[in-house]
Amino acid sequence: MTTRRDPYEGFAGTVGRTFRESTAAWPARQRPREGAPNIVVVLIDDMGYSDIGPFGSEIPTPTLDRLAANGVRLANYHTMPLCSPARAALLTGLNPHRVGYSFVANADPGFPGYGMEVAGDIPTLAELLHDNGYATYAVGKWHLTRDSASNPADNRVNWPLQKGFDQYYGVLEGLTSLFHPHQLVRDNSPLAIDEFPDDYYYTDDITDQAIAMVKSLRAHDADKPFFLYLAHNAVHGPLQAKPADLARHRGRYDQGWDELRRTRFARQLAAGHFPEGTRLPERNSEAGYDVEPWETLTEGQQRLYARYMEVYAAMVDNVDQNLGRLTDTLAALGELDNTIIVFTSDNGGTGEGGPEGTRSYFSRFVHHPGLPADWDPDVAREIELIGGPQSLVHYPRGWGMASNTPFRFYKGQTYAGGVRVPFVLSWPAGLPRAEGDTGVRPQYQYVTDILPTLLELASLERPETRHGKPVQEPDGIGFADVLRDPGSDSTHPEQYCEMTGNRSCYRDGWKLVTLHRPGSPYDDGEWALYDLSADPTEIDDVSAQHPALVKELSEAWENAAWRNGVFPLADGSGALALRHPEDARLRRPVTLLAGTPELERYRSSRLISFRSFDIVAELAEHGAADQGVLVSHGDQGGGYSLYVEEGRLRFVYNEYGKLYEADGGPLAPGARTVTVEATAVADLKWEFRLLVDGAETGRLGPVHQLIGMAPFQGISVGIDRKSPVSWPLFERHRSFRYTGTLHAVTYVPGEPAPYDPETVVQALREAAAAFE
């Protein structure tokens, strides 16, 4: 069988021996239709239904107000309850379990629904538009790459450029510091950054990058349409805001979350978002989701909690300002009217901050059954630091409840609070508002409908084959008719949903839903039924009155779950802690030569989490005047740093915001090795020993281990990059690069401690197998 192709096959011209004897011909270039619209999708993170002006908020959002005034508001738009699944659904038009995103891209339990890779037969919106001649850009949060695949040694198969984008700038993971992003990526490469300017702010930065991409395109091609996917990390925790933005919201929330819900709901009713007679539910009262009445809080609690919400509001304010800068650019280019702009959220507002919020985000984020009694989920910080670069905070869930006004529950649940979010679409040139049209649409639509809708508005069709191979059928259904005509019917009459065992099934105005308690059985007793036409805020459970409908919808959910790859469901086995067996290699010893770029966050964490470990710094030359950081790992949310200052060896440990420091004594000229021995002891703690050329010189601990998402910045040798482990040291020396000659730093992980979740799960599985 020959694989050699005739080089002249298919050539439309003629070929002789010379140019004179030949006729030239050129293949047709892929160009979009004349007048094809630009498309901008702005996806904000963890924003509740009521958090912008067009949906009832008091937060000034003049840019969104203008877009909504000329566009359409989907008052009944639904999404997934968690971020990676919502992003997968938006960008593919498929239900996320089918794509492999049953959960956030921070797990790998070994089942198809958790594959965390967009398969080649599932084209993304970027790929489809790129195939049709669009320029394609992505900035901001990606979170479709598994954490273990976010390092530069990965094959990058699921990074943005491999999924249809021409350019990318942002953070691959689900969260970051807005003042000191832990790992910025441009296109296919992590950026080497030692320090950020003091006035740096990530939301501003990604907007600058997006504007630059658009300007560059227009400088090179006046006609080519573009697709811009602008995915904010805001307003996901940790909450951080610029001082000027924060100042504008001082005192705005002193009346508390109960009053905020009432005023926002009144605006929503006045705007026509809900039918007459819709009720505002009582505050969430279920155990683990409950919210205290504002009036019962102490004055100190009210002052602290109000400050958290001021930070959140300032972040929303800043997002709108930056959207205004982008729309101003489009207007200056004369393209604002012919640009489809979508603004929405990946999921509802969150209750992750717990009942009282937190000033130590990563200690609150830890979920381990063996947390000791002295674990502190809220390490105290001065109130003046809240919202700034020295604090990683989150608001109490009372504000998450208010964000989700008028709905119950939060991100992660399949009740409306987790899945109903704001949605604004503007396209003046293609969707002018008819006289008398308020722009509000009550029709049920779903996140998978965005892709087919945008293709339809751009006069494009999703192909059945791509590169000669069939593509998977979509689940979404375009709703362009709903955008054009407020009287049109919903195009999405039925939808299942599932997230960490929380389930729901919607059909023609009825919703069957569960609030699943982790580890409890999955049975029909969990189901609640709501008639959304009469009760859109899900107050009255009518399951007892309609047992046949409960049975019908529960069977529909079951069938959809099997069809879409939802099973197996999460249970009490701890399976989500398991990782691919090959990931065990990430726990092998690693030597980092001087000058090695920062080791990626997840890769770094595998060397220390839930275990003892040694760090050996080899000094090629250390003089009496030399000083600086030998090795650092982490940031203001938690970490450790080994450094030399004024001739003395020091080790600082940041325990989720609380600093401990050990004096290792003088480091004499000519010293060759400095070792940190970390021993995992009971109650999830470490004890540290410092050794110089084998002799002990200092101790520290016991201190709580850094687990969960901490340390959130990777390992650096010879410097403390970006967000510092120790703010006092940063104030004295900034990133404090070591001035001597460092040869290498070696990490030697020990055996896992008995409380390592992966070890525990594996031991339970082995025991069960032996019993069977």
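Residues numbered from 1 in each chain as written. Predicted model: local features only at pLDDT ≥ 70, side-chain atom pairs only at ≥ 80, totals over all residues. Heavy atoms only, no water.

Visitor: I'd like a rundown of the pattern of salt bridges, residues and numbers included.
Guide: Close approach of charged atoms lets side chains of opposite charge pair. For the structure shown, the criterion picks out 49 salt bridges. Here arginine 364 ties to glutamate 356 by a salt bridge, and the two come within 2.1 Å at their closest N and O atoms. The exposure class assigned to arginine 364 is buried, which follows from its relative accessible area of 16%. Between glutamate 677 and arginine 689 there is a salt bridge whose closest N-O contact spans 2.7 Å. Placement of glutamate 677 in strand 25 (residues 673-681) and of arginine 689 in strand 26 (residues 685-692) is noted, with a sequence separation of 12 residues between them. Ionic contacts of the salt-bridge type, sharing partners, join the residues Asp45, Arg87, Lys141 and Asp346 into one network. (Salt bridge = Lys/Arg side-chain N within 4 Å of Asp/Glu carboxyl O. Buried < 20%, exposed > 50% of the residue type's maximum accessible area, 1.4 Å probe, protein only. Helix = DSSP H or I, 4+ residues; strand = E, 2+ residues; numbered from the N terminus.)

Visitor: Give me the confidence of the model for the protein: which residues, what numbers.
Guide: Averaged over every residue, the pLDDT of the protein is 96; the share at 70 or more is 99%. Mean pLDDT across the secondary structure elements of the protein bottoms out at helix 17 (residues 757-771), with 65, and peaks at strand 1 (residues 38-44), with 99. (pLDDT = per-residue confidence, 0-100.)

Visitor: Break down the nonpolar core for me, with residues and values.
Guide: If you look at the biggest cluster of nonpolar residues, it comprises 149 residues, and the most contacted ones within it are Phe227, Tyr229, Phe343 and Trp399. The leading source of residues in this core is helix 8 (residues 299-332), at 15 residues. Once residues lying within four places of it in the same chain are set aside, the contact partners of tyrosine 229 are Val41, Leu43, Arg87, Leu91, Tyr137, Ala138, Val139, Lys141, Trp142 and Phe165. Core analysis: the next-biggest nonpolar cluster, separate from the first, contains 52 residues, Tyr361, Phe688, Val703 and Leu706 among them. (Core = buried A, V, L, I, M, F, W, Y, C linked by side-chain atoms within 4.5 Å. Contact = heavy atoms within 4.5 Å.)

Visitor: I'd like a description of the sheet that holds strand 1, backed by residues and values.
Guide: The 10 strands are arranged 7-6-5-4-8-1-9-10-2-11 in an open sheet whose pairing can be described as mixed. The sheet terminates laterally at strand 7 (189-190) and strand 11 (440-441), the two strands that pair on one side only. Pairing of strand 9 (residues 339-345) with strand 10 (residues 423-426), which is carried by four bridges, proceeds in the antiparallel orientation. When the sheet's bridge partners are listed, phenylalanine 343 is paired in strand 10 with valine 424. The strands touched by helix 12 (residues 450-457) are strand 1, strand 9 and strand 10; relative to strand 9, the strand with the most contacts, the crossing angle is about 170 degrees. (Pairing = 2+ DSSP bridges. Axes fitted to C-alpha atoms, helices over the stretch in contact; angles between N-to-C directions.)

Visitor: Provide a residue-level description of the packing of aromatic side chains, including the pertinent values.
Guide: Applying the stated rule across the entire model yields 42 aromatic pairs. The interplanar angle of 75 degrees and the centroid separation of 5.0 Å between the aromatic rings of tyrosine 49 and phenylalanine 407 together place this pair among those described as edge-to-face. Taken together, the positions of tyrosine 49 in the loop between strand 1 and helix 1 (62-70) and phenylalanine 407 in the loop between helix 10 (397-403) and helix 11 (416-419) put the pair 358 residues apart, joining distant regions of the chain. Among the residues examined, tyrosine 49 registers a relative accessible area of 0% and is labelled buried. Its relative accessible area of 1% is what places phenylalanine 407 among the buried residues. Between phenylalanine 423 and phenylalanine 479, the ring centres sit 6.1 Å apart and the planes meet at 70 degrees, which makes this aromatic pair edge-to-face. Placement of the pair is phenylalanine 423 in strand 10 and phenylalanine 479 in the loop between strand 14 (469-470) and helix 13 (480-484), with a sequence separation of 56 residues. Each member of the pair, phenylalanine 423 as well as phenylalanine 479, is classed as buried. Ring-pair connections join several aromatic residues into one group, and the members of that group are Phe613, Tyr640, Phe651, Tyr653, Trp686, Phe688 and Tyr747. A cation over a ring is seen here: arginine 156 above tryptophan 159, with NZ or CZ 4.9 Å from the ring centre. The positively charged end of arginine 503 is found above the aromatic ring belonging to tryptophan 527, 4.5 Å away from the centroid. (Phe/Tyr/Trp six-rings, centres within 6.5 Å; stacked < 30°, edge-to-face > 60°. Lys NZ or Arg CZ within 6 Å of the ring centre and 35° of its normal.)

Visitor: Quick one: what's the story with the pairing of strand 23 (residues 648-655), residue by residue and with numbers?
Guide: Counting buried positions along strand 23 gives six out of eight residues, so the element sits mostly inside the fold. Bridge count between strand 22 (residues 638-645) and strand 23: seven bridges; the pairing is antiparallel. Within strand 23, the residue paired with leucine 642 across the bridge is phenylalanine 651. Across seven bridges, strand 23 lies against strand 24 (residues 658-666) in antiparallel orientation. Each residue of the ladder has a partner; that of valine 652, found in strand 24, is glutamate 661. Adjacent in sequence and paired antiparallel, strand 23 and strand 24 are bridged by two residues, among which tyrosine 656 carries a positive phi angle near 55 degrees.

Visitor: So, the pairing of strand 19 (residues 590-593): which residues are in play, and what are the values?
Guide: Burial along strand 19 is one-sided: the residues Val590 and Leu592 are buried and none of Thr591 and Leu593 is. Bridging between strand 19 and strand 29 (residues 741-752) involves four bridges; their strand directions are antiparallel. The partner of valine 590 across the bridge, within strand 29, is tyrosine 747.

Visitor: Any details on unusual backbone geometry? Residues and values, ideally.
Guide: Residue threonine 405 is joined to proline 406 through a cis peptide bond whose omega torsion reads 10 degrees. By the secondary structure assignment, proline 406 is in the loop between helix 10 and helix 11. Cis geometry is adopted by the peptide bond preceding proline 702, which originates at glycine 701 and carries an omega value of 5 degrees. Mapped onto the elements of the fold, proline 702 is located in strand 27 (residues 695-704). Despite not being glycine, phenylalanine 736 has its phi angle at roughly 55 degrees, a positive value. Among the structural elements, phenylalanine 736 can be located in the loop between helix 16 (727-733) and strand 29.

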